[in-house]
Amino acid sequence: MAKVVKALVTLDVINPSDYQKLVSGNDSGAVVLFSGDVRDHHDGKQVKSLTYEAHPTAQSVLADVANQICQKHDVNQVALAHRHGEIPIGQCAFVVAVAASHREAAFAACGELVDEAKRQIPIWKHQIFIDGTEEWVNFA
Amino acid sequence: MAKVVKALVTLDVINPSDYQKLVSGNDSGAVVLFSGDVRDHHDGKQVKSLTYEAHPTAQSVLADVANQICQKHDVNQVALAHRHGEIPIGQCAFVVAVAASHREAAFAACGELVDEAKRQIPIWKHQIFIDGTEEWVNFA
Amino acid sequence: MALVRFFAAAKAVTKTSEIQVSGDDVAEVLANATQKFPELSHVLPKCSILLNEVSCFDFKTAVGDSDLVDLLPPFAGG
Amino acid sequence: MALVRFFAAAKAVTKTSEIQVSGDDVAEVLANATQKFPELSHVLPKCSILLNEVSCFDFKTAVGDSDLVDLLPPFAGG
């Protein structure tokens with residue numbers, strides 16, 4: 001049975017390679033790592049700064065989502081984290097690492113986990129653009 | 001136009017996080033990293049040691065495959081490497097890193113690049129099992 | 001009466017993190033909150049509601065002074 | 001005459017990395033190599049052939065002394 005070795009919502013810097021190492025093991029032939037990094041552009045506009053806000057339940061939702069995905073796929077270990085607060089451009093906001101015996105399961109579980117986490121975790125993104133405008137993403 | 005920043009066939013240790021760093025950039029919101037590691041089991045048998053042999057053209061084929069994939073997907077940077085010689089269990093044999101503005105393209109390109117590289121690169125895997133048997137993989 | 005907490009865009013329009021709002025059930029609490037912050041009328045229809053940090057779909061659920069009602073705009077993590 | 005190079009399982013069965021083999025075209029070179037190493041008869045049908053490191057499909061292509069003929073068993077990278 002697959003194990004969620006880490007599911008964290010944190011104000012600290014996320015180093016994706018830490019998560020790769022957390023899930024790797026001699027029984028796993030494949031590790032797929034996703035790193036969602038803060039981009040300098042969004043819908044054609046230059047991003048000046050970006051801040052995530054997290055609900056108090058965000059971390060437990062993240063763990064729940066990871067456990068759901070582990071039950072669906074033949075994977076060995078999963079670790080993931082989402083950062084909140086202001087995040088400088090280029091730094092990691094969201095990391096998902098999945099280790100499995102075979103690459104097909106690792107790719108499928110990692111992609112699905114990223115999609116489901118984005119859908120389910122109560123976290124919000126606020127962007128301020130170079131042109132002075134700002135927005136809460138997904139809130140038109 | 002996407003750029004293949006590194007395509008290497010090497011006898012040296014591969015550190016996957018080096019490849020993640022090579023492709024990351026402020027214009028990329030998503031990095032997907034695949035690490036194919038040497039497993040301690042294969043088809044139910046315990047693996048004792050594993051050696052890859054590479055044809056002299058392997059590196060140029062790897063670069064060709066990466067360029068093909070870059071032309072199909074909206075990605076920013078790609079880096080990949082395959083190790084040959086004897087590789088200890090748990091260590092990385094094959095790494096593919098893809099950075100893109102959006103995660104869908106990064107996942108699709110990374111998965112396809114892994115599949116195509118496995119299909120096209122002239123590299124062979126020889127396994128010796130704990131039970132004393134051995135095999136050239138894919139050569140029954 | 002319940003403690004209503006605003007997040008993200010809901011906090012931005014009310015300029016408030018949390019506030020005690022009267023009402024015997026979730027629907028009344030939300031109505032009274034909207035009366036206090038008229039700008040919520042644009043935001044509330046897009047929000048999901050948590051009662052004591054669990055999704056709440058039945059707005060006729062009774063609430064008391066120690067209950068938490070959270071207004072969550074559409075998520076945008078990842 | 002051409003220089004024939006064996007890789008992976010082909011090298012394992014012939015216990016040879018490379019050897020000069022006579023023949024005026026690729027087909028003749030491969031036939032003569034198989035005569036020299038009878039165990040190749042099981043391996044050759046599974047191999048792809050490179051002529052001077054480029055895939056060769058026309059085995060009637062003429063070869064000379066400086067040409068390389070490579071026997072590549074099914075790949076297993078990754």
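All values reported here derive from a predicted model rather than from experimental measurement.

Each value, and the rule that gives it
Residues numbered from 1 in each chain as written. Chains lettered and ligands numbered in written order. Predicted model: local features only at pLDDT ≥ 70, side-chain atom pairs only at ≥ 80, totals over all residues. Heavy atoms only, no water. Buried < 20%, exposed > 50% of the residue type's maximum accessible area, 1.4 Å probe, protein only. Helix = DSSP H or I, 4+ residues; strand = E, 2+ residues; numbered from the N terminus. Pairing = 2+ DSSP bridges. Contact = heavy atoms within 4.5 Å. Buried area = accessible area lost by both parts, 1.4 Å probe. Salt bridge = Lys/Arg side-chain N within 4 Å of Asp/Glu carboxyl O. Polar contact = N/O pair within 3.5 Å; in protein donor to acceptor, adjacent residues only side chain to side chain. Axes fitted to C-alpha atoms, helices over the stretch in contact; angles between N-to-C directions.

Caption draft 1: Spotlight on the pairing of strand β7 (residues 92-100) of chain A. Residue and element names in this part refer to chain A. Among the 9 residues of β7, 9 are classified as buried, and the element is accordingly described as predominantly covered. Bridge analysis of strand β5 (residues 77-83) against β7 gives 6 bridges, and the strand direction is antiparallel. Within β7, the position partnered with His 82 by the bridge is Phe 94.

Caption draft 2: Here's a closer look at the interface of chain B and chain A. The partner chain A presents 31 residues to the 31 residues of chain B that form the contact. Between chain B and chain A, a total of about 2400 Å² is buried, with carbon and sulfur atoms accounting for 52% of that surface. The largest per-residue losses of area from chain B upon contact with chain A belong to Asn26(B), Arg103(B) and Phe107(B), which jointly make up 24% of the total buried on that side. The interface formed by chain B and chain A holds 2 salt bridges in total. A salt bridge links Asp115(B) to Arg103(A); its shortest N-O distance comes to 2.7 Å. Here chain B is connected to chain A by 13 residue pairs in polar contact (both at pLDDT 80 or more). Residue assignment for the side of chain B that touches chain A shows that the elements contributing at least two residues are α1 (16-23), β2 (30-37) and α3 (103-120) of chain B. When residues in the side of chain B that touches chain A are grouped by element, the largest group, 8 residues, is from β2(B).

Caption draft 3: Representation of the sheet that holds β2(B) within the structure. Strand order in this open sheet of 8 strands is β1(A)-β5(A)-β7(A)-β2(A)-β2(B)-β7(B)-β5(B)-β1(B), and the pairing throughout is mixed. Looking at which strands have only one partner, the edges of the open sheet turn out to be β1 (3-10) of chain A together with β1 (3-10) of chain B. Here the average twist between neighbouring strands, direction ignored, is 5 degrees. With 8 bridges joining them, strand β2 (residues 30-37) of chain A and β7(A) adopt antiparallel strand pairing. If you follow Ala30(A) over to β7(A), its bridge partner there is Ala100(A). Sheet contacts for helix α3 (residues 103-120) of chain A: β2, β5 and β7 of chain A together with β2 of chain B; angle to β7(A), the most-contacted strand, approximately 150 degrees. Here helix α2 (residues 58-72) of chain B sits on the sheet and contacts β1, β5 (77-83) and β7 (92-100) of chain B; the angle it forms with β1(B), its principal contact strand, is near 155 degrees.

Worth remembering: the numbers are spatial, not functional.
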